[in-house]
Amino acid sequence: MLGLFCTSFAFAQQVKGKVTGQNGEALVGVSVTIKGINRGTQSDADGSYKLEVPNNSTLVFSFVGYTANEVVYTGQKEINVSLSLDDKLLSEIVVVGYGSQLKKNVTGAVQTIGSKEIKDIPVSQVTQKLQGQLAGVQINQTTGKPGQGMSVRIRGQLSVSAGSDPLYVIDGFPITGDIGAMNPDEIEDISILKDASSTSLYGSRAANGVVLITTKKGKSNGTNVSFNTFVGMQEVPDRGLIQMLTAEEFAQFKKEYYEDAKQPVPAEFQNPSQYAGKDNNWYKALLRKAPLQSYNLTVTSNKERSRTSFVGGVFNQQGVVLNNEYKRYSLRMNSEYDISDKVTVGFNVAPQYVFDNTPRTDGDRGTGILFNALHTWPVMPIYEADGKTLTLFNRFPASTGNIFAYPNWVRAANELVNETTTTNLLTNAFIQYRPIKDLVLKSTFNVEMLRSKFFFFNPSTATSAINVAIPTTAVSIRQNVENLTWLNENLATYTKSVGDHNFELLGGFSQQKFTQESTRIQADTYADDRLPTVQGAINISRGGTNTGVQEWALTSLLSRLTYNFRGKYLFTAAVRRDGSSRFGSNNRWGTFPSFSAGWVISDEDFMKSMPKVSFAKLRASYGVIGNNNIGNYTPYALVNNTVNAVFGSTVAPGAVVSTLANSNLGWETTKQVDVGLDLGFLNDRITFIYDYYTKRTTNLLYSVQIAQEAGFGNFNDNIGEIKFWGHEFALNTKNTTGKFKWSTNANISFNRNKVIALADGIDRVYGTFHITQVGKPFGQFYGHISQGVYKNAEDLKSSPQVPGRSVVGSIKLTDQNGDGIITNGGDFDDRVIMGNPFPTFTYGITNNFTYGNFDASIVGSGSQGNQLLVRHIYSTANLDGVFNMVAEVKYRFRSEANPGKGMYGTTVGGGNVTGIERDWMNSRFIADASFFTIKNVTVGYTIPKSNKIFKSARVYASVQQLYVFTKYWGGPNPETSAQGDGNGNGGNLSQGIDLSNYPVPRTYTVGINLNF
């Protein structure tokens, strides 16, 4: 055999040529090999190659992303080859941190989704398109406010006070905010980096995962123009709306309330039937049907040495709450130019303008109009007797039990101004130089500028606060915020193949700085509501007027080595070292290493006996990632210069140190292990991905309570440890492949967490409604366990009681410590963990169908086992009757003969009986919030091409938020999770609270996609 090989090469001739793309551009690094013989070369910087080739051999030209080309050598001296893009291979390229890899070679936990998979979901936000599509990524729509309300959690990651949102990276630029306002039509593909191996190159910002977004670039197949538009209508479905007492039912309750107390019934409630058919539903009065519309134009072009894309979009959405409007105007232009065969430059620019006017709808304790509308007596009229003029405010006589003034919430929605205009510019430029064949040098400069203007005006004729009489004091707030972020990165990438060994070495240096300047002016007492200028106010509020500057800087070094042997034994090692201005001088630098390995089992010879297994890869990774989201100036001793000092009879301005310094304050770090298995069957008709991960977050950034003798209440420090672990499963199947095509994408994830340690001497931290305790999951609901009501005198006598307050018919709570009495707080506390805001598992499923020119898709997502604390029950089940109440209070305890359903107790008895039900947090406030929502149903038809005007055209109809399957009784949205008070502990200690937020509407849309 060796002799034949040597003989054949003795007659080999040199062949040269050039390899180009389908538009004539030179392709660098194309593999040119002799089929059946381990011998070859690569094309150089201008696409040229030379190779000794035996006669009658076959040359194979292959390049990532292009279809391989084979040419038989029969003595030609020159063979020039053109390669065309391979769409299938392109779909196998995965964008990872600072580069891309073949999907086959990825060793980390990375999940990708392309624009083709989500393009037919007509929504305003990118993250809405991703719901239910990604394993291990929980995306909840917590509110229906246009442009807001998407909560993204990767693998359930959270921190005590250092944030839980992932890092968003757009075209290599880690932005400082989220992507809520980004035009979804600008996106080409999205990669979710979930494990430490794939995120470690982003260092201190990657603890909560990384979302990489690649925007549209110039295509290689000439010039393409597409126009996409859809229009729709939104409405809030009746399903899930909180059922409150009608006017007649409310009057009946008030009548019974006084009768049960053996008191005279006020005249207003002596005849409840007078209110029949005269119900004033304040909540529904704030809602409306609302239109939305979207227009997007995309142009992509590829010439011999330039590639350009342009995306322009206009989006206009009226909210389903009165006077709510959201407008977005966006542009994005990406350009690349080949200055020479070795030098490429690029310029990307993306300006955006957003206008948002949203009434103050959310909030408890009388701060949001939707929350307040639930509480307003339905016997109070919305309009005057003429049926057209809105009332100013309503106040029944105090003799009726009314102790609050109720402003007109419809007037508040229409008259209050709550506007924000935001101008954002995201731009970057790069230069790439290839000095030698295997080395690429790239330098980028990125800038993000944001200017936000907020204007709030509360006229004297309206208010969003309860118990404020009209006319009230007119108030205005103006706040301007300007952000500037710049990032410079310099990278060197060296790629080399030596026989079966393939290497890529990346090294780089990065610097980033963020600066924010803000000015806030609050004024009040206007002579004329029509002139809400600063000059028109009589008073400027010193407490509400301020200026501020926020700055942080980050300097980083990074490196990554990627190696594979024969494409089946894979290894990656990476390290990043960050220096952050946010930490103390003794602990400013953090180092974040990672390692990962993979084995493509399906490439082994022994797998040939299992032809049904088309792909199998085992992978594992370990790494350390950090979190620096602690705010700015935290390690420093801060000074408050708004205090005064008194010397005799003279008041002098002064300053005082308000916080303690901590020069040792350092990184919150997460160590993570991931083991994964990727499988393909029947030529990848069925693919399956499984991941198990475990991670520990240590040095939690937290404000620790200290002894008052120190003169301070808290001290910022690194404490404690949290453990996370979970399982992720993803299954993709091509169920049918004939004329009727049906594919399914399903995923399910199980995420868990447990507190391992807190600060020295501290084993628990309390919030208003939560407890975080060592040995338990994070932020559990904390309170009493309800056992219904005391049914009769015998039940009362034989059961533990609240001393001096429990009576027959009052709420019956569990005596947890067995001391015979019910205690709220103190050494004999009977409160326990009573619920969990975290789901047992989350899941999603997508089905796609095509038949001829017809297509359809159904997307659903769900959550199982999580609970919500229904905050409005604190007041909408207040049996004192000072507010309107939930309809279920009709079935309260009234007597032993009429005990009701056991949920709500008696309105009579000593010692403020209803105060126990209302003020002592108990399990009646906790509701199962498991759900499955049909997020999107789309049906489309592609019009057969019959002329030369357009290349393709498709029309479609869609419904979003079609139906929510849930037993949740606390409101219309089981996905909501507002932050409670938390006593300053932060949102992550106070998750899973339903504050009756802005409802998520059902949306009907029709649209058309045109390609020219």
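Note that the structure is predicted; figures quoted are calculated from it, not measured.

For the rest of this paragraph, the subject is the overall build of the protein. Looking only at helices and strands, the protein has twelve helices and 52 strands in total. On the principal axes, the C-alpha backbone points of the protein span a range of 115 × 70 × 65 Å. The proportion of buried residues among the 1012 residues of the protein is 51%. Sequence separation of at least 24 residues holds for 68% of the intrachain contacts in the protein that already meet a minimum separation of 6. Side-chain charges of the protein comprise 93 positive and 83 negative groups, with the mean position of each set lying 5 Å from the other.

All right, on to helix α6 (residues 247–260) then. Between the first and last C-alpha of α6 there are 20 Å, a value that for 14 residues agrees with the 20 Å anticipated at 1.5 Å per step. Three or more residues of α6 are buried, namely Ala247, Phe250, Ala251, Phe253, Lys254, Lys255, Glu256, Tyr257 and Tyr258. Two residues or fewer past α6, Lys262 is found with a positive phi of approximately 60°.

In this section: the sheet that holds strand β51 (residues 993–994). Pairing is mixed in the open sheet, where three strands are placed in the order β48-β47-β51. Here the strands that pair on one side only, and so sit at the sheet edges, are β48 (926–928) and β51. Inspection of the sheet shows strand β47 (residues 867–870) paired to β48 by three bridges, in the antiparallel sense. Among the inter-strand pairings, Gln867 is bridged to a residue of β48, identified as Asp928.

Moving on, we come to the sheet that holds strand β15 (residues 187–193). Here we have five strands laid out as an open sheet, ordered β10-β15-β16-β13-β14, and mixed in their pairing. Bordering the open sheet on either side are β10 (110–114) and β14 (173–174), each of which pairs with just one other strand.

Time to look at the environment of Leu450. Structurally, the position occupied by Leu450 is in strand β25 (residues 439–458). Separated by 227 residues in sequence, Leu450 and Leu677 have C-alpha atoms that sit 43 Å apart.

On inspection of all chains with the given rule, the structure shows 29 aromatic pairs. For the pair Phe688 and Phe729, a centre-to-centre distance of 6.4 Å together with 40° between the ring planes defines the contact as tilted. Taken together, the positions of Phe688 in strand β36 (residues 686–705) and Phe729 in strand β37 (residues 714–737) put the pair 41 residues apart, joining distant regions of the chain. Consider the rings of Tyr690 and Phe729, whose centres lie 5.0 Å apart with planes at 40°: the pair is tilted. Residue Tyr690 is found in strand β36, and its partner Phe729 is found in strand β37; the two are separated by 39 residues along the sequence.

Applying the stated rule across the entire model yields 41 salt bridges. Here Arg332 makes a salt bridge to Glu186, at a shortest N to O gap of 2.8 Å. Here Arg332 is found in strand β20 (residues 325–338), whereas its partner Glu186 is found in the loop between β14 and β15, with 146 residues between them in sequence. Comparing Arg332 with Glu186, the two get one shared label, buried. For Glu256, the salt bridge goes to Arg894, with nearest N and O atoms at 3.5 Å. Remark: Arg894 occurs in the loop between α11 (873–876) and α12 (913–919) and Glu256 occurs in helix α6; sequence separation between them is 638 residues. Residue classification places Glu256 among the buried residues on the basis of a relative accessible area of 13%.

By secondary structure assignment, the location of Ser510 is in strand β27 (residues 501–526). Assessed through its relative accessible area of 2%, Ser510 is described here as buried. Setting aside chain neighbours within four positions, we find Ser510 in contact with Leu487, Asn488, Glu489, Leu554, Thr555, Ser556 and Arg576.

Glancing now at the pairing of strand β49 (residues 931–943). Direction of pairing for strand β46 (residues 854–864) relative to β49: antiparallel, over a ladder of ten bridges. Within the sheet, the bridge partner assigned to Val859 lies in β49 and is Asn936. Direction of pairing for β49 relative to strand β50 (residues 952–966): antiparallel, over a ladder of twelve bridges. The residue bridging Val939 from the neighbouring strand is Ala957, located in β50.

By the element assignment, Asp830 lies in the loop between β43 (811–813) and β44 (832–835). Arg831 provides the closest opposite charge to the buried, salt-bridge-free Asp830, at an N-O distance of 9.1 Å. Among the polar contacts listed, one links the side chain of Asp830 to the backbone nitrogen of Asn817, at a separation of 3.2 Å. Filtering out sequence-adjacent residues up to four positions away, Asp830 remains in contact with Gly783, His784, Thr814, Asp815, Gln816, Asn817, Asp819, Ile821, Ile822 and Thr823.

This part covers the environment of Ile190. Tracing the backbone shows Ile190 in strand β15. Accessibility expressed as a relative area gives 1% for Ile190, which makes it buried. What Ile190 contacts, discounting residues up to four positions off in sequence, is Gln111, Thr112, Ile113, Val126, Leu130, Val211, Leu212 and Ile213.

Okay, empty space enclosed by the protein next. Where empty space is left becomes clear once a probe the size of a water molecule has been rolled over the atoms. As enumerated under the stated definition, the model contains nine cavities of 30 Å³ or more in all. Space inside the largest cavity adds up to approximately 300 Å³. If you trace the largest cavity, you find 25 residues lining it, with Val123, Gln128, Gln141, Gln960 and Thr1003 closest to the centre. Going through the elements one at a time, α4 (126–130), β49 and β50 are the ones with two or more residues in the lining of the largest cavity. Among the residues making up the lining of the largest cavity, the classes are represented as eight nonpolar, 14 polar and three charged.

The next thing to look at is unusual backbone geometry. Put simply, Ile470 and Pro471 share a cis peptide bond, and its omega is 5°. Tracing the chain through its elements places Pro471 in the loop between β25 and β26 (475–498). Positive phi outside glycine occurs at Asn467, with the angle close to 65°. Within the fold, Asn467 resides in the loop between β25 and β26. Residue class for Asn467 comes out partly exposed when judged on its relative accessible area of 36%.

Examined against the element boundaries, Thr420 turns out to sit in strand β24 (residues 417–436). On the basis of relative accessibility, which here comes to 24%, the residue Thr420 falls in the partly exposed class. Along the primary structure Thr420 and Asn357 are separated by 63 residues, whereas in three dimensions their C-alpha atoms are 6.4 Å apart. Apart from residues no more than four positions distant in its own chain, Thr420 is found in contact with Val354, Phe355, Asp356, Ser452, Lys453 and Phe454.

Within the largest apolar cluster, 67 residues are counted, with the highest numbers of intra-cluster contacts made by Leu286, Trp377 and Trp409. Every element with two or more residues in this core is listed here: α6, α7 (282–285), α8 (369–375), α9 (409–415), β47 and β48. By residue number, the principal contributor to this core is α6, which donates six residues. Grouped together as the second largest cluster of nonpolar side chains are 24 residues, Ile154, Ile179, Ile187 and Ile192 included.

Moving on: the confidence of the model for the protein. Across the protein, the average pLDDT comes to 87, with 91% of residues at 70 or higher. Across residues 980–986, where pLDDT falls below 50, the model places 15 contacts with residues more than four positions away in sequence or in other chains.

Calculation criteria
Residues numbered from 1 in each chain as written. Predicted model: local features only at pLDDT ≥ 70, side-chain atom pairs only at ≥ 80, totals over all residues. Heavy atoms only, no water. Helix = DSSP H or I, 4+ residues; strand = E, 2+ residues; numbered from the N terminus. Buried < 20%, exposed > 50% of the residue type's maximum accessible area, 1.4 Å probe, protein only. Contact = heavy atoms within 4.5 Å. Lys, Arg positive; Asp, Glu negative; His and termini not counted. Charge placed at Lys NZ, Arg CZ, Asp CG, Glu CD. Expected span 1.5 Å × (residues − 1). Pairing = 2+ DSSP bridges. Phe/Tyr/Trp six-rings, centres within 6.5 Å; stacked < 30°, edge-to-face > 60°. Salt bridge = Lys/Arg side-chain N within 4 Å of Asp/Glu carboxyl O. Polar contact = N/O pair within 3.5 Å; in protein donor to acceptor, adjacent residues only side chain to side chain. 1 Å grid on protein atoms, 1.4 Å probe; cavity = no way out; pocket = protein on both sides within 12 Å on 5 of 7 lines; lining within 4 Å. Points joined across faces, edges and corners; volume = space filled by probe spheres on them. Nonpolar A, V, L, I, M, F, W, Y, C, P; charged D, E, K, R; others polar. Core = buried A, V, L, I, M, F, W, Y, C linked by side-chain atoms within 4.5 Å. pLDDT = per-residue confidence, 0-100.

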